[in-house]
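Secondary and tertiary structure notes
As a plain string of letters, each chain reads:
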Amino acid sequence: MMAKLPGLGPRSARRAVLHLIKKRELLLMPLADALHRVAVTARECTICGNIGTDEVCGICASAKRATGEICVVEDVADLWAMERGQSFKGRYHVLGGTLSALDAIGPEDLRIPQLVARVQAEQTQEVILALNATVDGQTTAHYIADQLEPLGVQVTSLAQGVPIGGELDYLDDGTISAALRARKSL
Amino acid sequence: MEWRDQGILLSVRKHGESSAIIDVFTEGHGRHGGVVRGGTSRKIAPILQPGAQLDLTWRARLEDHLGAYTVEPVQSRAALMSDRVALAGLNAVTALLQFSLPERAAHLPLYRRTQALLDMLGPSAYWPLAYLRWEQALLDEMGYGLDLSACAVTGAIDDLAYVSPKSGRAVSAEGAGEWADRLLPLPAELLGGGDGSRENVLEGLAVTGHFLARWLAPALGDKPLPEARARLIERLRKDMS
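Attention here is on the structure that accompanies the text. On a predicted model such as this, the values are computed, not experimentally measured, just so you know. (Residues numbered from 1 in each chain as written. Chains lettered and ligands numbered in written order. Predicted model: local features only at pLDDT ≥ 70, side-chain atom pairs only at ≥ 80, totals over all residues. Heavy atoms only, no water.)

1. Concerning helix α3 (residues 127-141) of chain B
Residues and elements named next belong to chain B. An ideal rise of 1.5 Å per residue puts 21 Å on 15 residues; α3 measures up with 20 Å between its terminal C-alpha atoms. Burial analysis of α3 places 12 of its 15 residues in the buried class, the great majority of the element. If you check which residues of α3 are buried, you get Trp127, Pro128, Leu129, Ala130, Tyr131, Leu132, Trp134, Glu135, Gln136, Ala137, Leu138 and Leu139. Directly beyond the C-terminal end of α3, a positive phi value near 95° is found at Gly143. (Helix = DSSP H or I, 4+ residues; strand = E, 2+ residues; numbered from the N terminus. Expected span 1.5 Å × (residues − 1). Buried < 20%, exposed > 50% of the residue type's maximum accessible area, 1.4 Å probe, protein only.)

2. With respect to unusual backbone geometry
One non-glycine residue, Gln123 of chain A, lies in the positive phi region at around 55°. Tracing the sequence through the fold places Gln123 of chain A in the loop between α5 (112-122) and β5 (126-129). For Gln123 of chain A, a relative accessible area of 60% gives the class exposed. We note that Arg104 of chain B has phi near 60°; this positive angle belongs to a residue other than glycine. Here Arg104 of chain B lies in the loop between α1 (84-100) and α2 (108-120). Relative accessible area serves as the criterion here: at 34%, Arg104 of chain B is assigned to the partly exposed category.

3. Side note on the interface of chain A and chain B
Listed by partner, the interface residues are 24 residues for chain A and 21 residues for chain B. For the pair chain A and chain B, the two sides together bury roughly 1800 Å², of which 53% comes from carbon and sulfur. Of all residues in chain A, Leu102, Val135 and His142 of chain A give up the largest surface area on contact with chain B, accounting jointly for 35% of the area buried on that side. The interface formed by chain A and chain B includes 2 salt bridges. The partner of Asp146 of chain A in a salt bridge is Arg84 of chain B, with the nearest N and O atoms 2.5 Å apart. If you list the elements that add at least two residues to the side of chain A that touches chain B, you get α6 (135-148) and α7 (173-181) of chain A. Counting residues per element, the side of chain A that touches chain B draws most heavily on α6 of chain A, at 7 residues. When the residues that make up the side of chain A that touches chain B are grouped by side-chain class, the tally is 11 nonpolar, 7 polar and 6 charged. (Contact = heavy atoms within 4.5 Å. Buried area = accessible area lost by both parts, 1.4 Å probe. Salt bridge = Lys/Arg side-chain N within 4 Å of Asp/Glu carboxyl O. Nonpolar A, V, L, I, M, F, W, Y, C, P; charged D, E, K, R; others polar.)

4. Remarks on the side chain of Thr114 of chain B
All names here are of chain B. Counting through the fold element by element, Thr114 comes out in helix α2. A polar contact is formed between the side chain of Thr114 and the side chain of Trp134, at a distance of 2.9 Å. Setting aside anything within four residues of it in sequence, one finds Thr114 in contact with Ile8, Phe25, Val93, Leu97 and Trp134. (Polar contact = N/O pair within 3.5 Å; in protein donor to acceptor, adjacent residues only side chain to side chain.)

As structure tokens, then:
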């Protein structure tokens, strides 16, 4: 079972299991308890699609989060990445993937209709599309922008360009041209 | 087995934790798949975006093995990502090639046309017309070309105004007679002329779409045409209004 987890092969899984057995009281029992609790309580937030223990996740339930901004992300891992940055104080919407012709994922397989309904119901002022800078990610972003256009809400996307600590010599030409287009005055 | 070639990336699938299986439309080997070790790494993943022009080295022990690719970027088409219509065009091209091309059979004229079309996407205002002619060439290359040289009824070469939805042959206005409403309108753009207006391009895409669905799709196991093509047409129509 452990070897099926991402990042673990059969040998590393065996080593982890032996370690857990050796530290039965200290690690194995608390881990088993925690996993059981997660299996019983973890659920998808009915509003944004984040994972939490209640019907509505901590972010959606928090009164401190701004209600006028919704940041759209591909999956929960992206939401957690945004939260690590601690710079966004609004709420999220997790799509659950991107449009993909190859994998036959269409708009109805993602949480796009829920997003449109939410923007209407919550009187949202801005939707920030924080989707991956890939062909699938940007195709999805344009599709969502099209769907939101009739609602008159401001739709923005994350900037693309030189990453912090990045060296121009190592950047691909697409990133350099995107960075050049998004240049700003100093 | 080993060869080196250039190609246009059509699709990428994750394989295991760190590798990817890619499908590439190559110049000399047609649509050809292969594994890219470390294809999901931060270094290689940005290179592996559909539409990218790649320099490829393919190695396998036997010819019919999937084999492994070593890839080098030649030209990224990432700049198209900010242009929603051009991105829809790119998606339609890669999806249709993935849908239509048989594996490991070279299609050099179509390859060159595809490369030229992808280079036109975005900057040129006439790329929708080039896309229409590319779809016509795709039908030709797959063995389902339209015969628009003369009227199927009268043999006339002028005044061609319709296409027969059954035979794919041109019909003149005179030859159509009372059957005109059962025929597909033939825009001049499909005959190599016209001004490339959006209405005519969309009319032409209705013709090529009809034959892609009626002739090509049944030959490929009756799969529906890729959704990406319908999205491009919708986008072009929206842009027009």
